[in-house]
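# Topology and contacts: notes
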Amino acid sequence: MEKSGWWRKVGLLRSFQGADEEDERKPVKPPPKGNKIVVLYYTSSRVIKQTYAECSAVLSILRGHSIFFQERDVFISRKHLEEITDIFGGPISVPRLFVAGKYVGGFQRIIELNEGGELKKLLNGYIKKRPKRVCKGCGNMRYIVCFICNGSKKFYEEERKEMVSCNTCIENGLLPCPVCMLGAVE
Ligand SMILES: [Zn+2]
Ligand SMILES: [Zn+2]
């Protein structure tokens, strides 16, 4: 995939430049109010190019997974900077990802997990649900009242000048919704 190629390039660039090993410190406490959500600490500051590139890459990965997650920008918010410092018991680089209060990792770990498919599993419970489309024909009932007999199973036939039974609809005077049948709605 185009995207993952780019992320790999960011990673390659790092190793090529002999970038330092990722800080492997473990958090000493979970992120505040983060027990049930996905939280990413990142920075929107471009001062350190590598950090900015890594944060952008991780943000794009998470957005690509179409999940709900909280973006905690340590550059914009002093509170978030204090939080992440507190969580690790000292200053630490970003990005740092947490899922349901549990620490996932920094940039390299996130890239690894993403390319191995594990990240998708981790984020599975946080996927944004597509809003359900409602069928204009039937309001998603999948059936409409028969328009020949109005659901009564009988209608007046002009030629025969008498009530005849409707054989257009099914037994209870319903018809499968024609809009749904056309596949206009999933
Ligand atoms: Zn009918
Ligand atoms: Zn319908």
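Use the structure listed above.
None of these values were measured; they are calculated from a predicted model.

## Section: the coordination of the zinc ion (ligand 1)
Four donors placed tetrahedrally around a metal ideally meet at 109.5 degrees, and six donors placed octahedrally ideally meet at 90 or 180 degrees. In this structure, C146 (SG), C149 (SG), C166 (SG) and C169 (SG) serve as the protein donors to the zinc ion (ligand 1), at separations of 2.2 to 2.3 Å. The coordination sphere of the zinc ion (ligand 1) comprises four donor atoms, whose angles at the metal cover 103 to 119°; the geometry is tetrahedral. Note on C149: relative accessible area 4%, which makes it buried. Classification of C169 by relative accessible area gives buried; the value is 8%.

## Things to note about the nonpolar core
Judged by nonpolar contacts, the single largest core of 30 residues is most densely connected at V38, L40, Y41, L62 and L97. Of all the secondary structure elements, the ones that give two or more residues to this core are β1 (38–42), α2 (49–64), α3 (78–87), β3 (96–99) and α4 (107–116). Broken down by element, the residue count for this core peaks at six residues, all from α2. Beyond its immediate chain neighbours, meaning those up to four positions away, L97 contacts V38, V39, L40, L62, K102, Y103, V104, G105, I110 and L119. Within the second largest apolar cluster, 10 residues are counted, among which are C146, C166, C169 and L175.

## Regarding the packing of α2 against α4
Where α2 contacts α4, the two axes come as close as 10 Å, and the packing angle between them is 35°. In this structure, α2 meets α4 at a crossing whose hand is left-handed. Residues E54, A57, V58 and I61 of α2 touch α4, and the partners they reach there are F107, I110, I111 and N114. By residue class, the composition of the contact of α2 with α4 is six nonpolar, one polar and one charged.

Rules used in this analysis
- Residues numbered from 1 in each chain as written.
- Chains lettered and ligands numbered in written order.
- Predicted model: local features only at pLDDT ≥ 70, side-chain atom pairs only at ≥ 80, totals over all residues.
- Heavy atoms only, no water.
- Donors = N, O, S within 2.8 Å, 3.2 Å for Na, K, Ca; no water.
- Tetrahedral: all angles 85-135°; square planar, octahedral: opposite > 155°, others 65-115°.
- Buried < 20%, exposed > 50% of the residue type's maximum accessible area, 1.4 Å probe, protein only.
- Core = buried A, V, L, I, M, F, W, Y, C linked by side-chain atoms within 4.5 Å.
- Helix = DSSP H or I, 4+ residues; strand = E, 2+ residues; numbered from the N terminus.
- Contact = heavy atoms within 4.5 Å.
- Axes fitted to C-alpha atoms, helices over the stretch in contact; angles between N-to-C directions.
- Left-handed = near helix turned anticlockwise from the far one by under 90°.
- Nonpolar A, V, L, I, M, F, W, Y, C, P; charged D, E, K, R; others polar.

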